[in-house]
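Descriptive structure summary
Single-letter residue listing:
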Amino acid sequence: MDGPRPHRLRWVPGIVQAVAPDGVADLAPGYLDPELLPTGLIADAYTEALEEYGAAALTYGENQGVLPLRQALAERAATGGRPCGPEHVLVTAGTSHALHLLATTLARAGDVVLCEPVCYDFGRRILTDRGLLPSPIPMDGEGPDPAALVEAARAHRAAGRRVAFVYLVPTFHNPTGLLVGEHRRRELVAAARENDVLIVEDDAYAELRLDPVVMPPSLAELAGYTGVIRLCTFAKTLGPGLRLGWMIADPVLTARLAAGGLLSSGGGLNHLASLAVATLLLDGRYDRRIARLREGLRARRDALVTALGGGVAVPHGGFFLWLPGLDAGAAERAGVRVADGARFGAPPGPVSRLSYSFNPPEELAAAGRRLAALLDLTPTA
Ligand SMILES: Cc1ncc(COP(=O)(O)O)c(C=O)c1O
């Protein structure tokens, strides 16, 4: 690689979170490629929000989040026909914020949080920062094992520990890419309900289906929006810099959070961003944006998978490919940075997470060829 591309000139320490050294193909971060971030669209949306709402866009916003956004998000949530209303939606400053909010309001230090054996590392960090104790439950090829969930909850309670909730990423899982099907989802919802375990469903990648697979309803929808709190974000579809997301939960919980000191003092989170994004949802521009983004992500995933050759499990959506056998240190020495599987839990052998969201197809293909040579894989084309 010969230095930063023009659109990366401002992609520098002091402005952005992570910068890979020159000459390293960085397949570690779960970021969108700068080329996939819609700066023009967001500029238009902010201008329109300020024109339409004037000073009301710059004051403290409605605690629970602005109604037009909540209404639009509630309508999108109900894919399987079970009605969801704006009262179920609470606007957040993204999923990290929502998890922190739940960890502080629904749990106390020393509580157990059941989770997948390899799970979103920073999600787990948010929980452990609050003194919560992650406890992995086994997962098979279909997803987390419902019987193991029940057994773990019983064992913790028998030992006098409170189970605050189970934290799951059932849709295009970070880091494995797995999509949990409807049957397993129903089993998980039933097992959790029968054993009085709250589910926190992190659905960051829900909109990023890349293949014509059937999308199962969310756990929250299957549960009728009680017993499951679903966390969603615009970080993976529009851009993490917006710091905008939402929670779908029982109206008793959303009202309780909205009435708390944080939102009573500061008003709805990211009020102006909420009004701007609502304009995109209401006139179809958000859907058109998602369609284009999926094309961009599909091209990137396919470039990486093709270069890696046979034998890799191809994710049907999201940002990540999970590659057993690949040692992150060896990859780095070959000039490709990947996320070491050990970041996400305690996998049995070497395994790495490769993100195809952050680089253009030609760079992913070049990185994939280096990794294929390292692993002795045969590229398919
Ligand atoms: C599963 C999962 N949840 C949450 C996040 C972060 O979301 P946000 O930027 O909205 O805090 C990520 C980003 O990597 C993620 O992969």
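Residue positions within a chain follow its written sequence, with the count starting from 1. Selection of residues for local features in this predicted model requires a pLDDT of at least 70, selection of side-chain atom pairs for listing and counting requires 80 or more, and totals for whole chains, interfaces and linings are taken over all residues. Just so you know, side-chain values use all the structure's heavy atoms and leave hydrogens and water out.

1. Examining the packing of aromatic side chains
Pairing of aromatic rings covers Phe, Tyr and Trp, the last through its six-membered ring, and needs centres within 6.5 Å; plane angles under 30 degrees mean stacked, over 60 mean edge-to-face, and all others mean tilted. In the structure shown here, the tally under the stated rule is 10 aromatic pairs. When the centroid spacing of 5.4 Å and the interplanar angle of 80° are considered together, the rings of Y31 and F358 count as edge-to-face. Placement of Y31 in the loop between strand 1 (25–26) and helix 1 (39–53) and of F358 in the loop between strand 14 (351–355) and helix 13 (361–375) is noted, with a sequence separation of 327 residues between them. For F358, a relative accessible area of 5% corresponds to the buried category. Only DSSP runs of H or I covering at least 4 residues are called helices, and only runs of E covering at least 2 are called strands; the numbering of each starts at the N terminus. Under the scheme applied here, a residue whose accessible area is under 20% of the maximum for its type counts as buried, over 50% as exposed, and between as partly exposed, the area being computed with a 1.4 Å probe on protein chains only.

2. Re the site of the ligand
Throughout, the term near means that a residue has one or more heavy atoms lying within 4 Å of the molecule or strand in question. Lining the immediate surroundings of the ligand are G94, T95, S96, Y120, N174, D202, A204, Y205, T233, A235, K236 and R243. Contact between the ligand and T95: an oxygen atom at 2.8 Å from a main-chain N or O atom of the residue. Any pair of N or O atoms that falls within 3.5 Å is considered a polar contact. Within protein, one atom must be able to donate a hydrogen and the other to accept it, and sequence-neighbouring residues count only if both atoms are side-chain atoms. Between an oxygen atom of the ligand and a side-chain N or O atom of Y205, the distance comes to 2.6 Å. Only protein atoms enter the 1 Å grid used here. Points where a 1.4 Å probe fits but cannot escape make up a cavity, open sets with protein on both sides within 12 Å along at least five of seven lines make up a pocket, and a residue lines them when an atom lies within 4 Å of a point. Throughout, a molecule is located in a cavity or pocket provided that more than half of its atoms lie within 2 Å of its grid points. Comparing atom positions with the cavity grids shows the ligand to sit within the largest pocket.

3. Some remarks on the UniProt feature "domain: Aminotransferase class I/classII large" (unreviewed entry) in the chain
Using the residue numbers shown here, the UniProt feature "domain: Aminotransferase class I/classII large" (unreviewed entry) corresponds to residues 54–356. This span, residues 54–356, is 39% helix and 17% strand, and a straight line between its end C-alpha atoms measures 40 Å. UniProt positions are given in the numbering used here, feature names are shortened, and annotations may be inferred rather than shown by experiment.

4. Topic: the pattern of salt bridges
Any Lys or Arg side-chain nitrogen located within 4 Å of an Asp or Glu carboxyl oxygen qualifies as a salt bridge. Tallied over the entire structure, the rule returns 17 salt bridges. For R70, the salt bridge goes to E62, with nearest N and O atoms at 3.4 Å. Residue class for R70 comes out buried when judged on its relative accessible area of 6%. Residue E201 is joined to R185 by a salt bridge in which the shortest nitrogen-to-oxygen separation is 3.9 Å. In this pair, E201 sits in strand 8 (residues 199–202) while R185 sits in helix 6 (residues 182–194), placing the two residues 16 residues apart along the sequence. Look at E201 and you get buried, because its relative accessible area is 0%. Residue class for R185 comes out buried when judged on its relative accessible area of 1%.

5. Structural notes on unusual backbone geometry
Geometrically, the link from N174 to P175 is a cis peptide bond, its omega value of 20° lying close to zero. Inspection of the secondary structure puts P175 in the loop between strand 7 (163–168) and helix 6. Despite not being glycine, D196 shows a phi value in the positive range, around 60°. Looking at the element boundaries, D196 is found in the loop between helix 6 and strand 8. For D196, a relative accessible area of 65% translates into the label exposed.

6. Some words on the state of the cysteines
Throughout, a disulfide means two cysteine sulfur atoms within 2.5 Å of one another. Applying the stated criterion to the full structure yields 0 disulfides. Not engaged in a disulfide, the cysteine C84 finds its nearest cysteine sulfur in C232; these two sulfurs lie 9.5 Å apart. The buried category is assigned to C84, whose relative accessible area is 13%. Here C119 is not cross-linked by a disulfide; its sulfur's nearest cysteine counterpart is in C115, at 4.2 Å. For C119, a relative accessible area of 1% puts it in the buried group.

7. Focus: the domain arrangement of the chain
Segmenting the chain into domains produces domain 1 (6–30 + 286–375) and domain 2 (43–283). Throughout the structure description, domain borders are defined by an automatic or database domain assignment. The distance between the C-alpha centroids of domain 1 and domain 2 comes to 25 Å. In this complex, domain 1 contributes 25 residues to the contact, which on the side of domain 2 involves 27 residues. Put simply, buried area is how much 1.4 Å-probe accessible surface two parts lose in total, over both of them, once they are put together. Here domain 1 and domain 2 share an interface that buries about 2400 Å² over both sides, 54% of which is from carbon and sulfur atoms. Residue contacts follow a heavy-atom distance rule, with two residues in contact if any of their heavy atoms lie within 4.5 Å.

8. Focus on the sheet that holds strand 2 (residues 89–92)
One open sheet accounts for 7 strands, arranged 2-10-9-8-7-3-4; its pairing is mixed. Strand pairing shows two members of the sheet lacking a second neighbour, strand 2 and strand 4 (133–136), which therefore form its edges. Shown here is a sheet whose adjacent strand axes are inclined to one another by a mean of 25°, direction ignored. Strands pair, by our definition, only if DSSP identifies at least two bridges between them. Looking at chain direction, strand 7 and strand 8 are connected through 3 bridges and run parallel. Within strand 8, the residue paired with L168 across the bridge is E201. All axes are obtained by fitting lines to C-alpha atoms, using only the stretch in contact for helices, and the reported angles, taken between N-to-C directions, cover 0 to 180 degrees. Lying over the sheet, helix 5 (residues 146–158) contacts strand 3 (112–115), strand 4 and strand 7, oriented at roughly 165° with respect to strand 3.

9. Let's talk about the pairing of strand 9 (residues 228–233)
Of all 6 residues making up strand 9, 6 are buried, and the element is well covered by its neighbours. Both faces of strand 9 are covered, namely the face carrying V228, R230 and C232 and the face carrying I229, L231 and T233. Judged from the 4 bridges that link them, strand 8 and strand 9 form a sheet pairing that is parallel. Residue pairing for strand 9: D202 is matched across the bridge by L231. Here strand 9 runs beside strand 10 (residues 245–248); their pairing, made up of 4 bridges, is antiparallel. From the neighbouring strand, L231 faces strand 10, where its bridge partner is M247.

10. Notes on the sheet that holds strand 13 (residues 339–340)
The strand order 11-14-13 describes an open sheet built from 3 strands, whose pairing is antiparallel. Looking along the sheet, the strands with just one partner apiece sit at the ends: strand 11 (320–324) and strand 13. Summarising the sheet, strand 13 and strand 14 pair through 2 bridges and their orientation is antiparallel. Of the residues in strand 14, the one forming a bridge with D340 is S352. Where helix 11 (residues 285–308) meets the sheet, it contacts strand 11 and strand 14, and its direction lies at approximately 20° from that of strand 11.

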